[in-house]
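Results of the structural survey
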Amino acid sequence: ELVRLGLSLPRIRWFDHGERSLVGGWHGLGPWATLWLSRSLRDVPPPLAAGLVVREIGHADRGDRAFGVLASAAWIAAGLAVSWIMAGELLGEGPATPAGLVIVVAAVMSSWSLVGALLWPALGRRQVLAADRFMLRAGMSRDHAVAVLDELADRNGEARPASPPTAMKMTKMFRPIPPMDRRRRILRGDDLDLRTTDPRPETES
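Cut-off values and rules
- Residues numbered from 1 in each chain as written.
- Predicted model: local features only at pLDDT ≥ 70, side-chain atom pairs only at ≥ 80, totals over all residues.
- Heavy atoms only, no water.
- Core = buried A, V, L, I, M, F, W, Y, C linked by side-chain atoms within 4.5 Å.
- Buried < 20%, exposed > 50% of the residue type's maximum accessible area, 1.4 Å probe, protein only.
- Helix = DSSP H or I, 4+ residues; strand = E, 2+ residues; numbered from the N terminus.
- Contact = heavy atoms within 4.5 Å.
- Expected span 1.5 Å × (residues − 1).
- Pairing = 2+ DSSP bridges.
- Axes fitted to C-alpha atoms, helices over the stretch in contact; angles between N-to-C directions.
- 1 Å grid on protein atoms, 1.4 Å probe; cavity = no way out; pocket = protein on both sides within 12 Å on 5 of 7 lines; lining within 4 Å.
- Points joined across faces, edges and corners; volume = space filled by probe spheres on them.
- Nonpolar A, V, L, I, M, F, W, Y, C, P; charged D, E, K, R; others polar.
- Left-handed = near helix turned anticlockwise from the far one by under 90°.

Moving on: the nonpolar core. Counting residues in each nonpolar core, the largest one holds 30 residues, and the members touching the most others are L2, L7, L41, V53, V54, M135 and L187. Listed by contribution, the elements that provide at least two residues to this core are strand 3 (34-38), helix 1 (46-62), helix 3 (98-137), helix 4 (142-155) and helix 6 (180-188). Not counting residues within four places of it along the chain, the set of residues in contact with L41 comprises W14, L22, A49, L52 and V53.

Turning to helix 4, a few remarks are in order. Helical geometry note: an α-helix holds 3.6 residues per turn, so side chains three or four residues apart project in the same direction. Its 14 residues place the ends of helix 4 20 Å apart at the C-alpha level, agreeing with the 20 Å of an ideal helix rising 1.5 Å per residue. Of all 14 residues in helix 4, 10 are buried; the element is thus mostly enclosed. Every buried residue belonging to helix 4 is among R142, H144, A145, V146, V148, L149, E151, L152, A153 and R155, and all of these are buried. One or two positions beyond helix 4, positive phi appears at G157, with a value near 80 degrees.

Let us now look at the sheet that holds strand 2 (residues 24-27). Here we have three strands laid out as an open sheet, ordered 1-3-2, and mixed in their pairing. Since the sheet does not close on itself, it has two edges, and those belong to strand 1 (12-15) and strand 2, each with one partner. Sheet twist, expressed as the mean angle between neighbouring strand axes with direction ignored, is 25 degrees. The sheet contact formed by strand 2 and strand 3 spans four bridges and is antiparallel.

What follows concerns the environment of A60. Mapped onto the elements of the fold, A60 is located in helix 1. In the structure, A60 is positioned 30 residues away from G30 in sequence and 8.9 Å away in space, judged by C-alpha atoms.

With that out of the way, let us pick up the layout of surface pockets. Volume-wise, the second largest pocket comes out at about 520 Å³. Lining the second largest pocket are 21 residues, with L22, G24, R55, E56 and L152 positioned closest to its centre. Those elements that provide at least two residues to the lining of the second largest pocket are strand 2, strand 3, helix 1 and helix 2 (64-91). No other element matches helix 1, which puts five residues into the lining of the second largest pocket. Tallied by class, the residues present in the lining of the second largest pocket amount to 10 nonpolar, five polar and six charged.

Here we come to helix 3. With 40 residues, helix 3 extends 55 Å from end C-alpha to end C-alpha; this agrees with the ideal 58 Å at 1.5 Å per step. Count one or two residues on from helix 3 and you reach G139, which has phi positive near 105 degrees.

Now for the packing of helix 3 against helix 4. As a packed pair, helix 3 and helix 4 sit with axes 9 Å apart at the nearest point and diverge in direction by 140 degrees. Note on packing geometry: the crossing formed by helix 3 with helix 4 is right-handed. Contacts between helix 3 and helix 4 involve D132, M135 and L136 on the former and, on the latter, R142, A145, V148 and L149. Residues belonging to the contact of helix 3 with helix 4 are distributed by class as follows: five nonpolar, no polar and two charged.

With four of five residues buried, strand 3 lies mostly within the body of the structure. One ladder, built from four bridges, connects strand 1 with strand 3; its direction is parallel. If you follow W14 over to strand 3, its bridge partner there is L37. In this antiparallel pair of consecutive strands, strand 2 and strand 3, the connection spans six residues, and G28 shows a positive phi of 90 degrees.

Now the structure itself:
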């Protein structure tokens, strides 16, 4: 199925996790990158399984993982720089004690991490939507791409959310994965988000 779509076969390693859910992700960067997939994917019909692999290829081709690592490193470095500046401002007039420096750095980095916890999920949601759209750019039809998401939702329990609506609303801002309904709307072309970001024509071959 991947060859039919004109995509290169990635290096794949399989693992057992004893569940029906579908789990996978890239390990390593560049030519050393390996796609680890749960053996449960082998129970999925080949066209749908290929679509799930295409999504992961989209992540790799976009450099999302490398960008995430670099962005995280830059965020931590910026936090340490702010901590150092704050420590200089707060401790500049008094004795420069290691304990005071540690307290200031810990307080600033805790606040910095909290801000990051609000920012990174939004970045993750954009990357998930971009990987979904990559299925269309690879030549898959909208119906095929939506069927891939349906299979993923069914296998991973997202079609039947266990959390009550109130809890889901409270955790929405910290969840790096967009709601499955929104992802389906974008792939079907029902969402303005697709028409303004996907260069592919509205009609599919």
